[in-house]
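# Coordinate inspection notes
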Amino acid sequence: MTKLSIKPWVLASGLLFSTSFGFAQDNLVNSLKNNQSANSTSGFKFTEVINLENTPVQNQGSSGTCWSYSTNSFIESEMLRMGKEPVALSQLFTARNAYVEKGKNYVRMHGAVTLGDGGALHDVINMYKKYGAVPQVNYTGLNYGTKLNKTAEMGAITTGILEAVVKNPNGTLTPNWEKAYTSVLDTYLGAVPEKFDYKGKSYTPQTFAKQVVGINPDDYVELSSFMEHPYYSKFTLLVPDNWSFDQVYNVKLNEVTDIIDNALKTGYSVAWATDVSEKSFSYKNGVAYVPAKPFEEMTASEKDAMFSEPKPEMEITETLRQQAFDNYQTTDDHGMHIVGIAKDQNGKEYYIVKNSWGVTNDYKGYLYVTKNYVKYKTTAILLNKAGIPSAINKKLGL
């Protein structure tokens with residue numbers, strides 16, 4: 001499947017990985033409103049095969065923090081897998097720490113790196129390792145009076161500060177710019193508590209991470225699949241909001257879904273970074289697939305019925321996937337959490353995916369995504385390395 005148009009609004013915003021605060025999230029959600037068919041739930045009959053235990057769906061509001069919501073949801077499921085009582089973790093604690101690190105990186109790079117709400121799946125693990133974790137109840141990130149995140153104003157101010165620092169009007173940098181920058185974050189999100197009480201005990205973010213959450217950040221790996229890099233080696237994932245220039249492991253195309261399948265079947269969920277700015281992705285109907293016929297070639301009636309029932313799909317090849325990424329047809333839009341497998345009435349398998357846009361769609365915040373869509377549009381996955389098939393683990397040297 002090819003597209004005639006590059007998605008300029010995606011290039012301008014990104015979202016999992018956005019270059020602006022708040023607006024990109026709103027643009028992305030609004031762009032998907034017309035991707036729906038009437039009575040979709042009556043045309044699809046899903047039967048759960050695997051549905052791993054997970055915590056309630058949340059709402060990231062008007063912020064591009066899906067990477068933090070999806071991967072913190074993933075960590076909560078890891079707690080459940082380990083037999084721990086899950087904790088609703090503060091996504092904005094993670095994001096605030098990433099904003100601090102991103103700001104430092106922006107200055108070191110003389111402004112030649114992405115700013116904004118966006119981030120990557122690995123950012124959550126990296127911030128957990130460095131800063132720890134805090135329950136959501138102890139750090140809501142809503143220090144400015146709203147019920148949901150709304151970060152555009154904060155983003156405009158912090159961007160202005162960092163741009164001024166890079167221009168360096170003093171000739172040399174003072175140590176005060178970091179204090180000025182973080183004070184804005186604290187004003188909008190709240191100062192990070194040095195200590196807090198949770199269920200009658202006192203913790204720091206670091207002791208809470210070790211004693212209550214209890215995951216080992218070194219157990220988690222991030223993978224992708226691109227034919228331009230050697231398989232079973234690491235490469236820097238060149239997407240705008242890999243601001244930390246982290247590397248991911250490269251596996252073959254079919255191994256992406258092999259890994260996800262093995263993980264789910266052995267009790268491990270998967271954090272998923274992907275492109276959702278597709279005509280064949282319907283948040284409202286909770287379905288995503290890769291149509292056999294390109295959208296531009298469909299009749300009006302075919303477009304209206306895209307999500308009315310299961311449809312034939314295009315087969316995905318390594319070349320097709322690579323071309324879509326190179327041509328900006330696959331962009332780093334969004335992060336979600338894969339928690340299970342379901343079959344439709346024809347026996348075709350879909351992944352059960354938990355989103356972070358509230359519970360307003362047909363499946364109360366969840367979606368059913370075909371394996372072909374995952375093969376085509378994934379930018380990265382993150383999981384416990386114990387969920388990877390042993391043969392692939394061996395090839396990766398894990």
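Anyway, here's the lowdown on the structure attached to this text.

### As for the pairing of strand 11 (residues 349-354)
Each regular strand shows side chains that alternate between the opposite faces of the sheet. For strand 11, a buried count of five out of six residues is recorded, marking the element as mostly surrounded by other parts of the structure. The pairing of strand 10 (residues 334-343) with strand 11 spans six bridges and is antiparallel. Note on strand 11: the bridge partner recorded for alanine 342 is tyrosine 350. Remark: five residues form the turn of the hairpin made by strand 10 and strand 11, two consecutive strands paired antiparallel; glycine 347 in that turn has positive phi of roughly 90°. Alignment of strand 11 against strand 12 (residues 366-370), held across five bridges, turns out to be antiparallel. The residue of strand 12 that forms the bridge with valine 353 is leucine 367.

### What about the pattern of salt bridges?
Between side chains of opposite charge, a pair can form as their charged atoms come close. Applying the stated criterion across every chain yields a total of 13 salt bridges. Ionic pairing is found between lysine 199 and glutamate 85, a salt bridge with its closest N-O pair at 2.4 Å. Of this pair, lysine 199 sits in the loop between strand 2 (196-198) and strand 3 (201-203) while glutamate 85 sits in the loop between helix 4 (66-81) and helix 5 (91-108); the two residues are 114 residues apart in sequence, bridging distant segments of the chain. For the pair formed by lysine 199 and glutamate 85, the shared burial category is exposed. Of the charged contacts in the structure, one is a salt bridge between lysine 129 and aspartate 218, with a shortest N-O distance of 2.9 Å. Here the residue lysine 129 occupies a position in helix 6 (residues 121-131), and aspartate 218 occupies one in the loop between helix 9 (205-213) and strand 4 (220-224), the gap between them amounting to 89 residues.

### Details of the environment of valine 100
By the element assignment, valine 100 lies in helix 5. Each C-alpha atom of the pair valine 100 and threonine 114 lies 13 Å from the other, and the pair is 14 residues apart in sequence. When near neighbours in sequence (up to four residues on either side) are disregarded, valine 100 contacts Tyr131, Tyr181, Thr182 and Leu185.

### Side note on the nonpolar core
Counting residues in hydrophobic clusters, the biggest one holds 56 residues, and the most contacted among them are Ile75, Phe208 and Val213. Ranked by residue count, the leading element in this core is helix 5, at eight residues. In this structure, isoleucine 75 is in contact with Leu89, Val124, Ile125, Val213 and Ile215, ignoring residues within four places of it in sequence. Leu223, Ile260, Phe281 and Leu383 belong to the second-largest nonpolar core, a separate cluster that totals 43 residues.

### Describing the environment of leucine 382
In this fold, leucine 382 is placed in strand 13 (residues 378-384). Given a relative accessible area of 2%, leucine 382 falls into the buried group. On a C-alpha basis, the gap between leucine 382 and arginine 96 in space is 21 Å, while along the polypeptide they are 286 residues apart. Once residues within four sequence positions are removed from consideration, leucine 382 is found in contact with Thr71, Phe74, Leu121, His122, Ile125, Tyr220, Val221, Glu222, Val270 and Ala271.

### Some words on the side chain of serine 269
Within the fold, serine 269 resides in the loop between helix 10 (253-265) and strand 7 (270-274). For serine 269, the side chain forms a polar contact with the side chain of histidine 337, separated by 2.8 Å.

### Overview of helix 10
Over its 13 residues, helix 10 runs 19 Å from end to end, which matches the ideal 18 Å to within 8%, given 1.5 Å per residue. Every buried residue belonging to helix 10 is among Leu253, Glu255, Val256, Thr257, Ile259, Ile260, Asp261, Ala263 and Leu264, and all of these are buried. Of the residues one or two after helix 10, glycine 267 is the one with positive phi, at around 95°.

### Topic: the pairing of strand 13
Within strand 13, seven of the seven residues are buried, which leaves it mostly tucked inside the rest of the structure. Here four bridges tie strand 4 to strand 13, and the two strands are oriented antiparallel to one another. Note that in strand 13 the partner of tyrosine 220 across the bridge is asparagine 384. Pairing analysis gives four bridges linking strand 7 to strand 13, with the strands arranged antiparallel. The residue bridging alanine 271 from the neighbouring strand is leucine 382, located in strand 13.

About the criteria used
Residues numbered from 1 in each chain as written. Predicted model: local features only at pLDDT ≥ 70, side-chain atom pairs only at ≥ 80, totals over all residues. Heavy atoms only, no water. Buried < 20%, exposed > 50% of the residue type's maximum accessible area, 1.4 Å probe, protein only. Helix = DSSP H or I, 4+ residues; strand = E, 2+ residues; numbered from the N terminus. Pairing = 2+ DSSP bridges. Salt bridge = Lys/Arg side-chain N within 4 Å of Asp/Glu carboxyl O. Contact = heavy atoms within 4.5 Å. Core = buried A, V, L, I, M, F, W, Y, C linked by side-chain atoms within 4.5 Å. Polar contact = N/O pair within 3.5 Å; in protein donor to acceptor, adjacent residues only side chain to side chain. Expected span 1.5 Å × (residues − 1).

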